[in-house]
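Below, each chain spelled out in residue letters.
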Amino acid sequence: MKLSKDAATNRKFWDSFSDEYQGKHAQQLNRKDFVWGVWSLPESDINALGDVRGKQVLELGCGAAQLSIAIAEMGGYATALDNSEKQLEHAARLMAEAGHDFPLLHASADKIPAKKRSFDLVFCDHGAMTYAPTAPTLAEVHRVLKKNGLFVFNMQSPLHEICYDDKAGSVSNTLCKSYFDLDRFVEDKLVYFQYSYGEWVRHFREAGFNIIDLIELQPPEDAESSFDFAPLEWAQHFPCENIWVLQKAK
Ligand SMILES: C[S@@+](CC[C@H](N)C(=O)[O-])C[C@H]1O[C@@H](n2cnc3c(N)ncnc32)[C@H](O)[C@@H]1O
């Protein structure tokens, strides 16, 4: 399938960055329990996904599929999709090491190679909802979800984006960008998307989703991270990531 320009740009980026990314974060990412985000907060505390046992579950932008492996460990039927072939090579290796065998799909999330109403749950963690074109991706998720299916995704918060000081290369205690200018960003040959809360809500409603929850992640004081995303103190006072929980409305 023909890739959009943004998906092609991001494929090139992630294919070239994949080995370095997996090497740097292996210790944090390669675990069998399901944890969310840059502070590895356990799903068993957050309860965003619900009971996945016996459910058909699609991960969108799976990287090395550590979370899909966790879904399989929890008794779900995982399918893991990523736009980067390199990332999927790491996924195939980790899946074999973990003794699981589920489908790995090489595609962009705005063109999911699956039949309509195939999945009970679609999720991602700093995956396709950060990097893939928003409206077409939401339309695809809606198409492949079964009736009342859930779409649960974690990503950077709008607050983190507007407090991010591009010159210093770190998040600050100052509002650095216009909240109303959030949209599409290009940074270091990587395209990503972020919106104001109102814009997010309109995107979800237009795609046919109801909002069930918005979970703003707060790490505990002993949290550790191999990601240079925010100082722990910042993340303890302001949400640097949030999980949207959506349900297919019609
Ligand atoms: C930061 S990684 C997150 C993966 C995993 N959750 C982790 O923490 O390592 C982002 C992933 O999104 C994938 N991605 C980027 N654009 C995508 C798209 N258009 N469709 C599907 N996956 C995409 C990248 O290839 C990359 O593997």
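Check the entry above for the structure.
The structure reproduced in this document is the subject of the present report. (Residues numbered from 1 in each chain as written. Predicted model: local features only at pLDDT ≥ 70, side-chain atom pairs only at ≥ 80, totals over all residues. Heavy atoms only, no water.)

Turning our eyes to something else, we now look at the site of the ligand. Close to the ligand lie 19 residues; Tyr21, Asp82, Gln87, Ala109 and Asp125 are nearest. At 3.4 Å, a backbone N or O of Asn83 approaches a nitrogen atom of the ligand. Here a nitrogen atom of the ligand and a side-chain polar atom of Ser108 are 3.0 Å apart. Alone, the ligand offers 600 Å² of accessible surface; in the complex the protein occludes 96% of this. Contributions of two or more residues to the shell around the ligand are made by helix 1 (5-29) and strand 4 (77-82). (Near = heavy atom within 4 Å. Polar contact = N/O pair within 3.5 Å; in protein donor to acceptor, adjacent residues only side chain to side chain. Areas by Shrake-Rupley, 256 points an atom, 1.4 Å probe, with all protein chains shown as cover. Helix = DSSP H or I, 4+ residues; strand = E, 2+ residues; numbered from the N terminus.)

Tracing the backbone through its elements, the reader meets Gly198 in helix 8 (residues 197-207). The spacing of Gly198 and Phe180 is 18 residues in sequence and 9.9 Å in space, taken between C-alpha atoms.

Our next topic: the side chain of Glu140. Here Glu140 shows up in helix 6 (residues 134-144). The buried category is assigned to Glu140, whose relative accessible area is 13%. Here the side chain of Glu140 touches Ile112 through a polar contact of 2.7 Å, landing on its backbone nitrogen. Not counting residues within four places of it along the chain, the set of residues in contact with Glu140 comprises Ala109, Asp110, Lys111 and Ile112. (Buried < 20%, exposed > 50% of the residue type's maximum accessible area, 1.4 Å probe, protein only. Contact = heavy atoms within 4.5 Å.)

Within the largest apolar cluster, 47 residues are counted, with the highest numbers of intra-cluster contacts made by Trp36, Leu49, Val152 and Ile243. Grouped together as the second largest cluster of nonpolar side chains are 30 residues, Phe119, Leu138, Met155 and Trp244 included. (Core = buried A, V, L, I, M, F, W, Y, C linked by side-chain atoms within 4.5 Å.)

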